[in-house]
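Listed below are the residues making up each chain.
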Amino acid sequence: MNFDFSDEQKQMRDAARKFLAEKCPPKAVREVLEGRATYDKALWAGLAEMGFLGVAIPEQFGGAGAGHLELCVIAEEMGRALAPVPFSSTVYLAAEALLLAGSDEQKQKWLPKIASGEAIGTLALFEGKGNPSPQAIKLQASGGTLNGVKKPVPDGAIADFAVVAARTGSTGRDADISLFLVDLKAGGVDVRSLTNIDPTHGQAELTFKNCKAEPLAAAGDGWGILTQVLDRAAVLMAFEQVGGSDRALEMGRDYALDRIAFGRPIGSFQAVKHILADMYVSATLARSNCYYGAWALSTNASELPEAAAAARISATQAFQHCSKNNIQVHGGMGFTWEFDCHMYYRRANATAVTLGSLSYWEDQLIDRMRKKNAA
Amino acid sequence: MNFDDTPQEAEFRATARKWIGANAPKKYEAELSKSSLGRIRLEKEEIVDVGKAWQKKKAEGGWACLHWPKEYGGRGATPIEKVIWQQEEGVYGKLTQPFQIGEGMCGPTVMAFGSEEHKRHYLPKLASGEHIWCQLFSEPAGGSDVAGLRTRAEKKGDNWIINGQKIWTSGAHYSDYGLLITRTDPNVPKHKGLTMFFLDMKSKGVEVRPIKQANGMQEFNEVYFTDVVIPDSQRLGAVGDGWNVSLTTLMNERMSIGSRLATGFPEMFEFCSNLMTEDGLAIDDPATRSKLANWAVKASGLKYTSYRAISSLSKGERPGPENSIGKLVSGTMLQDIATYAMDLEGAAGALTGADEEAASGQFQQMLLSSPSMRIAGGTDEILRNIIAERVLGLPGDIRVDKDVPFNKIPTKGR
């Protein structure tokens, strides 16, 4: 059994960690957090240069053609560093949708630009409150034009193009949903930035008014493709969450070693030790579930739907748990703007609801396990 | 990343599978498959007798304690081969329960500290199941604080005279030998005055009394020692070095990788998939689904954590500390699952009869037994300390009794 990343993949992880430690220290994250930039453009260019943006994009479309295991190790590092760039929306959502469903021409148009850092992409799925469901998609597509409002759209204010989920039928079935590609710079879309708990990742409202759009995949295939895109993104996002969990655990551990109270390091108190031990437990469970998700993703296994849901749930829980208890271990200092704890707390709770919330994925997991058992 | 065997591993697996196919006691397969939680019981026969027969057969075929050196009754197998064997042995592995303490703890301690003569004499008999060993560590005054033990050993000529009491000794009533830690010097701090021995459990002055547990069962014992004589030749390690010797034993206990602990999840998933409530199937209820999903990812997380450890073994590496989380996670899960299963049954949830309700009384039994899962082999709290100190590198707690002679440590809180 070799249920682990290869030495080459681990080297890539080390390279990404080193790169991000240098180019994306907490100070750089704060530039976006505090509104002095919408995203870290220099970092984005650097990621392109390192080949990280196109790591899972085939060479014929301008990528490195490495694969999804490589993308998983990069994702973990991006989460660890809280990289304030549109990586998840561009790489996990837009690029994956194109890879799954795009025509050669569409892939040729956008994927090389993603790999080179020239184009930011996103997925416009949600329309207000609620979780992914075909019924919730009201935005109308007819005659190659879109009308309706999407929000929240991750990185929508800085994106160059979007994959948009639209309604093309009214039968009440999944086949009512179709996907479209929209060049957001070509007009027909009003963009409004939305405030959110994690300003290091922007959210936007996109209003489509007779906006020209080209179909992505066949009409009526939208929901099936979206489900696959969300599963794939769930695994990748889970790696980000695991990276963040580990970092939050380390921060708590380091502070507990350093901070003296009652004449001893607070890490020598069992009440503090046990908090940190529990953080280790949840981070470890999440990592193991993520490895299974990575295996399923990289081999396109039939287990992917179940594995993705498990990785997503486990990693969401771990990141929420580790980031909130990192603050707890830090005590009052953890609640200051100056300390970085809140940045992890913000990211953990924002990523917990993007791609569908915890309860949505719990529901999905049980459905998928039942389906498997019934089969 | 894959789940495949290496060519050597595949060859080993095929050999093991073939041997098991030809030799396993198949008539117990169905019964063994059914019992998944707690102690294994067979309808008509004693598990110890059936287990001994299987262990003997394995020893003859070269499959007993297979990671031990050949001269001590093993096969000289690698750690990964041991894991593969366990996977292939499957349900028949449950028959080895009476030998697990001997194989996992007593044997390795004798191997590390016994004389060559002892090793050649005792270990092959332990491996073949001819002798069952138990571990005599815990005491009424020394549970989590093992070093607080009070059983005395006093030197008299070439012998030691033992007086005191042990508790929570699994299998003492059918064991032939025991690994015994004693206090030989109460005038020095507690960790420094301990000495390890092994003894014949049939020795005069050894009395084994079963403990009636909170779940109504009797699986553990108290063992009383009254002027029991142990020859000095049966000492393991130096006088006063018993604590270090015991660490070898306990380290081996924690190294048991691949032995998957029951979580109760598969049983619970099946139960909820079939239980009809007034609002429909339990599994269609959002609150139940949420709980199931939480348990599902814990169970799968543990499974894939052990796969990661197995992968390290496969590469010839020492597994990381990840595996230390297993009991901590599964103990609480068992208890939570049992509680919720009963909740779903409503008032009938309190009934324990096998034919009363859908769950055949299994969750009620799980409820009553699960507290021990969170205590035996290291309490949840001790496990958290271990993770915090050995994995995360946090400082040890301040120990007020560390430098105090043992006989000056207070024995009552008030």
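Residues numbered from 1 in each chain as written. Chains lettered and ligands numbered in written order. Predicted model: local features only at pLDDT ≥ 70, side-chain atom pairs only at ≥ 80, totals over all residues. Heavy atoms only, no water.

A. Up close: the overall build of chain B. The helix and strand tally for chain B stands at twelve helices and ten strands. Relative to the globule expectation of 22 Å for 414 residues, the C-alpha radius of gyration of chain B, 23 Å, shows essentially globular dimensions. For chain B, the spread of C-alpha atoms along the three principal axes comes to 75 × 60 × 45 Å. Looking at chain B as a whole, 49% of its 414 residues qualify as buried. (Helix = DSSP H or I, 4+ residues; strand = E, 2+ residues; numbered from the N terminus. Rg over C-alpha atoms; globule rule 2.2 N^0.38 Å. Buried < 20%, exposed > 50% of the residue type's maximum accessible area, 1.4 Å probe, protein only.)

B. Spotlight on the state of the cysteines. Inspection of the entire model under this criterion finds zero disulfides over all chains. Sulfur of Cys322 of chain A: no disulfide; nearest cysteine sulfur belongs to Cys290 of chain A and is 12 Å away. (Disulfide = S-S within 2.5 Å.)

C. Here's a closer look at the domain arrangement of chain B. Segmenting chain B into domains produces domain 1 (7-127), domain 2 (133-245) and domain 3 (265-378). For domain 2 of chain B and domain 3 of chain B, the distance between their C-alpha centres works out to 35 Å. (Domains from an automatic or database assignment.)

D. Representation of the interface of chain B and chain A in the model. Taken residue by residue, the interface counts 49 residues in chain B and 44 residues in chain A. Between chain B and chain A lies a buried interface of about 4,300 Å² when both sides are counted; carbon and sulfur atoms form 64% of it. If you sort the residues of chain B by the area they bury against chain A, Met1, Arg289 and Leu392 of chain B come out on top, with a joint share of 19%. Our count for the chain B to chain A interface comes out at seven salt bridges. With a shortest N-O distance of 2.7 Å, Asp397 of chain B and Arg264 of chain A are connected by a salt bridge. Only α8 (265-274), α9 (286-314), α10 (326-345) and α12 (380-391) of chain B provide two or more residues apiece to the side of chain B that touches chain A. The dominant element in the side of chain B that touches chain A, judged by the number of residues it contributes, is α9 of chain B, at 18 residues. Here the residues of the side of chain B that touches chain A sort into 25 nonpolar, eleven polar and 13 charged. (Contact = heavy atoms within 4.5 Å. Buried area = accessible area lost by both parts, 1.4 Å probe. Salt bridge = Lys/Arg side-chain N within 4 Å of Asp/Glu carboxyl O. Nonpolar A, V, L, I, M, F, W, Y, C, P; charged D, E, K, R; others polar.)

E. Fine view of the pattern of salt bridges. Tallying each qualifying case throughout the model produces 46 salt bridges over all chains. Across the pair Glu205 of chain A and Arg192 of chain A runs a salt bridge whose closest N-O atoms are separated by 3.1 Å. On the criterion of sequence distance, the pair formed by Glu205 of chain A in strand β7 (residues 203-212) and Arg192 of chain A in strand β6 (residues 189-194) is long-range, its members being 13 residues apart. Since its relative accessible area comes to 14%, Glu205 of chain A is described here as buried. Between Asp284 of chain B and Arg370 of chain A there is a salt bridge, with the nearest N and O atoms lying 2.7 Å from each other. Pair noted here: Asp284 of chain B is in the loop between β10 (280-281) and α9 and Arg370 of chain A is in helix α11 (residues 358-374), and the two residues belong to different chains. For Arg370 of chain A, a relative accessible area of 26% translates into the label partly exposed.

F. Representation of helix α3 (residues 41-50) of chain A within the structure. Residues and elements named next belong to chain A. For α3, every residue scored as buried is listed here: Leu43, Trp44, Gly46, Leu47 and Ala48. Tucked inside the fold, the buried residues of α3 contact α1 (7-23), α4 (68-81), α5 (87-101) and α6 (104-116). The N-cap residue of α3 is Asp40: its side-chain oxygen and the backbone nitrogen of Ala42 are 3.3 Å apart. Just downstream of α3 lies Gly51, where phi reads positive at about 85°. (Polar contact = N/O pair within 3.5 Å; in protein donor to acceptor, adjacent residues only side chain to side chain.)

G. Fine view of the side chain of Glu89 of chain B. Residues and elements named next belong to chain B. With respect to the helices, strands and loops of the structure, Glu89 is situated in helix α4 (residues 79-89). Within the structure, the side chain of Glu89 is placed 2.8 Å from the side chain of Trp54, a separation counted as a polar contact. Residues in contact with Glu89, not counting those within four places in the same chain, are Ile20, Trp54, Lys58 and Thr96.

H. Main features of the packing of aromatic side chains. Taken as a whole, this structure holds 35 aromatic pairs over all chains when the rule is applied. Seen from their ring centres, Tyr122 of chain B and Phe198 of chain B are 4.9 Å apart, and the 70° between their planes marks the pair as edge-to-face. With a gap of 76 residues between them, Tyr122 of chain B in helix α6 (residues 116-127) and Phe198 of chain B in strand β5 (residues 194-200) connect regions that are remote in the sequence. Here Tyr122 of chain B matches Phe198 of chain B in class, with each residue buried. Ring geometry for Phe271 of chain B against Phe363 of chain B: centres 5.0 Å apart, planes inclined by 55°, an arrangement best described as tilted. Of this pair, Phe271 of chain B sits in helix α8 while Phe363 of chain B sits in helix α11 (residues 362-373), and the two are 92 residues apart along the sequence. Taking relative accessible area as the criterion, Phe363 of chain B reaches 0% and is therefore assigned buried. Seen from the ring of Trp110 of chain A, Lys113 of chain A lies directly overhead, with NZ or CZ sitting 5.6 Å from the centre. Taking the ring centre of Trp63 of chain B as reference, the NZ or CZ of Arg75 of chain B above it sits at 3.7 Å. (Phe/Tyr/Trp six-rings, centres within 6.5 Å; stacked < 30°, edge-to-face > 60°. Lys NZ or Arg CZ within 6 Å of the ring centre and 35° of its normal.)

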